[in-house]
Amino acid sequence: MRKITAGVFISLDGVVEAPDQWHFPYFNDEMGAAVGAMLADADTVLFGRKTYDSFAGAWPEREAAGGEDAGFAKMLGDARKIVASSRKLEFTWRNSEQLEGDLVDAVTALKDEPGGDIALSGSISVIRQLLAAGLLDELHLLVHPLAVRKGMRLFDEGEPAVPLRLISSEAFQTGVLNLVYGPAEQKPEGTYEDAKAHIPQTEQ
């Protein structure tokens, strides 16, 4: 079964909206390597429509320009790109197609197909649905040491809890934390009575 991996730029206060307006000062070789590693084993990229439009509006031109990021742009162009949207879409970026049918059913079938990993970049609405359905294998959070204070958060309020387990963690020189989570089998349980035994004792 294919692995689905999602990567998200996120602020310290949980904001994921418009990272192009706040994350570039923190982008260094360490972050570039982390993003590249997440996509290295993927031959398919799954998008929500807004994120796809953003990528399609930039990366084909960067590939054609032949600059420093042309190699990464070509990798994205060569990958199979699948876009989840309720409206009928037309594509000009090569290897692009629309996801047909219900998202969860279609992605479940996609995981069963032969091939490499499936990657997501951004596409928060898709990530939320795949997490809730138990289809996301790894969630890579690049946590920036910045409180943006406005904008959409990764998780909606009022939705059921999503238990996760930490797979790996790394701190970059910029202060960004590279945290990789996977699904937890069950939500941890405990009460204050359980926690009391771990509270430091002080002399009376």
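Residues numbered from 1 in each chain as written. Predicted model: local features only at pLDDT ≥ 70, side-chain atom pairs only at ≥ 80, totals over all residues. Heavy atoms only, no water.

Enquirer: Could you clarify how one ought to interpret the side chain of arginine 2 in this entry?
Expert: Tracing the backbone through its elements, the reader meets arginine 2 in the segment before strand S1 (4–11). Arginine 2 sits in the buried class, given a relative accessible area of 5%. Polar contacts involving the side chain of arginine 2 include one to the side chain of aspartate 43, which spans 2.8 Å. There is a polar contact of 2.7 Å between the side chain of arginine 2 and the backbone oxygen of glycine 116. The contact partners of arginine 2, leaving out residues within four places of it in the chain, are Asp43, Thr44, Arg80, Leu110, Lys111, Glu113, Pro114, Gly115, Gly116, Asp117, Ile118 and Asp137. (Helix = DSSP H or I, 4+ residues; strand = E, 2+ residues; numbered from the N terminus. Buried < 20%, exposed > 50% of the residue type's maximum accessible area, 1.4 Å probe, protein only. Polar contact = N/O pair within 3.5 Å; in protein donor to acceptor, adjacent residues only side chain to side chain. Contact = heavy atoms within 4.5 Å.)

Enquirer: Looking at this model, I keep getting lost on the sheet that holds strand S8 (residues 177–183). Mind explaining?
Expert: Strands pair in a sheet through their backbones, by hydrogen bonds, and they do so in one of two ways: parallel or antiparallel. One open sheet accounts for eight strands, arranged S4-S3-S2-S5-S1-S6-S8-S7; its pairing is mixed. Either end of the sheet is taken by a strand with one partner, and the two such strands are strand S4 (96–98) and strand S7 (164–171). For this sheet, the mean inter-axis angle between neighbouring strands, taken without regard to orientation, is 25°. Sheet topology places S1 next to strand S5 (residues 117–121); four bridges connect them, and they run parallel. By the bridge assignment for S5, isoleucine 4 is matched with isoleucine 118. Strands S1, strand S2 (42–48), S5, strand S6 (138–144), S7 and S8 of the sheet are contacted by helix H1 (residues 29–40), whose axis makes an angle of about 155° with S1. (Pairing = 2+ DSSP bridges. Axes fitted to C-alpha atoms, helices over the stretch in contact; angles between N-to-C directions.)

Enquirer: What am I meant to see in the pairing of S6 here?
Expert: The two faces of a sheet get side chains in turn, since along a regular strand they alternate between them. Burial within S6 is extensive, with seven of its seven residues counted as buried. By the alternation rule, side chains of S6 split into Glu138, His140, Leu142 and His144 and Leu139, Leu141 and Val143, which are all buried. Bridge count between S1 and S6: seven bridges; the pairing is parallel. Considered in S6, the bridge of serine 11 is made with histidine 144. Here five bridges tie S6 to S8, and the two strands are oriented antiparallel to one another.

Enquirer: Hey, could you run me through the environment of lysine 88 in this one?
Expert: Relative to the elements of secondary structure, lysine 88 occurs in the loop between strand S3 (80–84) and S4. Given the relative accessible area of 70%, lysine 88 is considered exposed. Placed 10 residues apart in sequence, lysine 88 and glutamine 98 show a C-alpha to C-alpha distance of 8.0 Å.

Enquirer: Explain the nonpolar core to me, please; I cannot follow it from the model alone.
Expert: Among soluble globular proteins, nonpolar side chains are generally buried collectively. Grouped together as the largest cluster of nonpolar side chains are 27 residues, with contacts concentrated most on Leu120, Ile127, Leu130, Leu136 and Leu139. Secondary structure elements with two or more residues in this core: S1, S3, helix H5 (103–112), S5, helix H6 (124–133) and S6. Considering each element in turn, this core owes the most residues, five residues, to H6. Each residue touching leucine 136, except ones within four places of it in the same chain, is listed here: Ile4, Thr5, Ala6, Leu120, Ile127, Leu130, Leu131 and Pro183. (Core = buried A, V, L, I, M, F, W, Y, C linked by side-chain atoms within 4.5 Å.)

Enquirer: Explain the environment of alanine 34 to me, please; I cannot follow it from the model alone.
Expert: Mapped onto the secondary structure, alanine 34 falls in helix H1. According to the relative accessible area criterion, alanine 34 is buried, its value standing at 18%. Between the C-alpha atoms of alanine 34 and glycine 7, which are 27 residues apart in sequence, the distance is 9.5 Å.

Enquirer: Help me understand the packing of aromatic side chains, please; the structure alone is not making it clear to me.
Expert: Pairs of aromatic rings are described using the distance from one ring centre to the other and the angle between the two planes. A complete count under the given rule lists five aromatic pairs for this structure. Ring geometry for phenylalanine 47 against phenylalanine 55: centres 5.1 Å apart, planes inclined by 65°, an arrangement best described as edge-to-face. Phenylalanine 55 sits in the buried class, given a relative accessible area of 16%. An angle of 65° between the planes, with centres 5.2 Å apart, marks the rings of tryptophan 59 and phenylalanine 72 as edge-to-face. Placement of the pair is tryptophan 59 in helix H3 (residues 59–65) and phenylalanine 72 in helix H4 (residues 70–78), with a sequence separation of 13 residues. Overall, phenylalanine 72 belongs to the partly exposed group, its relative accessible area being 26%. Through a chain of ring-to-ring contacts, the aromatic side chains of Phe47, Tyr52, Phe55, Phe91 and Trp93 assemble into a single cluster. Geometry around tryptophan 59 places arginine 62 over its ring, the cationic atom sitting 4.6 Å from the centre. Looking at lysine 81, its charged tip hangs above the ring of tryptophan 93, at a distance of 4.6 Å from the centre. (Phe/Tyr/Trp six-rings, centres within 6.5 Å; stacked < 30°, edge-to-face > 60°. Lys NZ or Arg CZ within 6 Å of the ring centre and 35° of its normal.)

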